[in-house]
Amino acid sequence: MLGIGGGSVLDVAKLVAAQLENDQTLTDMLGIGNLKGRRKKLICVPATSGTGSEASPNAILVDDADNQKKGIISPFLVPDIIYVDPLLTLSVPPAITAATGIDALTHCLEAYTNKFAQPFIDIYAIEGMRLIAANIVQAVRNGADEEARTQVAMGSLLGGICLGPVNTAGVHALSYPLGSMYHLAHGLSNALLLPYVMEFNIPASVCKYAQVAVALGCERADDCAKTAARGVQKIRDLIRECGIPARLRDVNIPFEAIPTMADDALKITRLLKNNPREITREDAIAIYTAAY
Ligand SMILES: [Fe+2]
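Residues numbered from 1 in each chain as written. Predicted model: local features only at pLDDT ≥ 70, side-chain atom pairs only at ≥ 80, totals over all residues.

**Looking at the sheet that holds strand 4 (residues 58-63)**
Pairing between sheet strands relies on hydrogen bonds along the backbone, with the strands arranged either parallel or antiparallel.
Working step 1: Within the open sheet, the three strands sit side by side as 2-5-4. Their pairing is mixed. Strand pairing shows two members of the sheet lacking a second neighbour, strand 2 (31-32) and strand 4, which therefore form its edges.
Working step 2: Note: strand 2 against strand 5 (residues 68-73), two bridges, orientation parallel. Within strand 5, the position partnered with I32 by the bridge is I73. (Pairing = 2+ DSSP bridges. Helix = DSSP H or I, 4+ residues; strand = E, 2+ residues; numbered from the N terminus.)

**A short note on the domain arrangement of the protein chain**
Working step 1: As assigned here, the protein chain comprises domain 1 (2-83) and domain 2 (93-291).
Working step 2: Here the C-alpha centre of domain 2 lies 23 Å away from the C-alpha centre of domain 1.
Working step 3: At the junction of the two partners, domain 1 supplies 20 residues and domain 2 supplies 24 residues.
Working step 4: Contributing elements (two or more residues each) for the side of domain 1 that touches domain 2: strand 4 and strand 5. (Domains from an automatic or database assignment. Contact = placed C-beta atoms within 7 Å.)

**Some points on the sheet that holds strand 6 (residues 81-82)**
Working step 1: The three strands are arranged 1-3-6 in an open sheet whose pairing can be described as parallel. Pairing within the sheet leaves two strands with one partner each, and these edge strands are strand 1 (2-5) and strand 6.
Working step 2: Looking at chain direction, strand 3 (residues 43-46) and strand 6 are connected through two bridges and run parallel. The partner of C44 across the bridge, within strand 6, is I82.

**Thoughts on helix 5 (residues 146-163)**
Working step 1: Over its 18 residues, helix 5 extends 26 Å from the first C-alpha to the last, a length consistent with the 26 Å expected when each residue adds 1.5 Å.
Working step 2: In terms of burial, helix 5 is largely enclosed, as 14 of its 18 residues are buried. (Expected span 1.5 Å × (residues − 1). Buried ≥ 20, exposed ≤ 12 C-beta atoms within 10 Å, placed from the backbone.)

**With respect to the nonpolar core**
Here is a general trend for soluble globular proteins: nonpolar side chains tend to be buried in one another's company.
Working step 1: Among the nonpolar cores identified, the biggest contains 74 residues, and C108, M129, C162, L193, V197 and I287 are the most heavily contacted of them.
Working step 2: Of the residues forming this core, the biggest block, 10 residues, is contributed by helix 4 (residues 119-141).
Working step 3: Excluding residues within four positions of it along the chain, M129 makes contact with L105, C108, L109, V212, A215 and L216.
Working step 4: Counting 13 residues, the second largest nonpolar core, distinct from the first, contains L10, L15, C44 and I72. (Core = buried A, V, L, I, M, F, W, Y, C linked by C-beta atoms within 7 Å.)

**So, the pairing of strand 5**
Residues in a regular strand project their side chains so that they alternate between the two faces of the sheet.
Working step 1: For strand 5, the tally of buried residues reaches five of six residues, placing the bulk of the element in the interior.
Working step 2: The sheet contact formed by strand 4 and strand 5 spans six bridges and is antiparallel. Directly across from V62, in strand 5, lies its bridge partner K69.

**Details of the packing of helix 4 against helix 9 (residues 224-241)**
Axes are the key here: two packed helices are described by the angle between their axes and the distance separating the axes.
Working step 1: Viewed as axis vectors pointing N to C, helix 4 and helix 9 meet at an angle of 20 degrees, and their least axial separation amounts to 9 Å. With respect to each other, helix 4 and helix 9 are oriented roughly parallel. Handedness of the crossing formed by helix 4 with helix 9: left-handed. In this structure, helix 4 uses A133, I136 and V137 to contact helix 9, whose residues at the interface are K234, L238 and E241.
Working step 2: Tallied by class, the residues present in the contact of helix 4 with helix 9 amount to four nonpolar, no polar and two charged. (Axes fitted to C-alpha atoms, helices over the stretch in contact; angles between N-to-C directions. Parallel < 35°, antiparallel > 145°, perpendicular 65-115°, else oblique. Left-handed = near helix turned anticlockwise from the far one by under 90°. Nonpolar A, V, L, I, M, F, W, Y, C, P; charged D, E, K, R; others polar.)

**A look at the environment of C207**
Working step 1: Following the sequence through the fold, C207 ends up in helix 8 (residues 206-215).
Working step 2: For C207, a count of 13 C-beta atoms within 10 Å puts it in the partly exposed group.
Working step 3: Counting along the chain gives 21 residues from C207 to A228, while the straight-line C-alpha distance between them is 7.3 Å.

**Looking at the pairing of strand 3**
Working step 1: Of the two faces of strand 3, the one lined by C44 and P46 is fully buried and the one lined by I43 and V45 carries no buried residue.
Working step 2: Across four bridges, the pairing between strand 1 and strand 3 is parallel. Bridging across to strand 3, G5 finds its partner in P46.

**Some details on the environment of G217**
Working step 1: Along the chain, G217 falls in the loop between helix 8 and helix 9.
Working step 2: G217 sits in the partly exposed class, given 14 other C-beta atoms within 10 Å.
Working step 3: For the pair G217 and V84, spaced 133 residues apart in the sequence, the C-alpha separation amounts to 25 Å.
Working step 4: When residues no more than four places from it in sequence are discounted, the contact partners of G217 are A133, A134 and K234.

Below, the structure written as structure tokens:
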């Protein structure tokens, strides 16, 4: 099975490979570790720089029955071969380059600041943040820049490697309802929430967020809190320079939807448990309101 495309395409290729010569249904496979095996060889070739699906054990689908995003997580979904060719991304339009690039940066950031972070994966996460922050704006502004595309593609792959051993956290959990309820692209959903979840999380892990800021290219300040704040500002600057909308209201999310989105996000316990600070329903509402 050879998958070539963005995150959804690769996730489908992974699941098709897993379902060939296997009588398990998708429902049987849902959750962590329920897929019993895979008999077909699987090769994934990303055509966007963002998803990390080519290196992750995850496949994410929207269940039409309840309109929730659900995950099938299994080591058998990690491809046998990954082929990353940045030339495949040269024709990706600026808005998709921007959103997918911020998604990849978020994979690295949420792995590094994760409650279950580990030093071995931190190395990939730090380098992924550095590469993407330094090159994403150029890749958006000049899609034909092969050097910028190559660096962002490498950062995306590093982010994908973070997904298996550590995975994401609050940003991804809170972004899921934007995708399932309003069909916002995954990367855009993350970008809209990233600065606000960072601000919420910083008190729980201030020196790690200072390291994030340094990886993003910020100068160190007198203390960790000031350095961490520079990191949040840097993310806001990147989002603005990439032309990504900055507020939920800018993408037509109704203010009244916030309590329902908070209820849905709290169901994503497999990611919320990774967040460095516990997110209650009230916290989720406050984060969405700030992002609005
Ligand atoms: Fe993601």
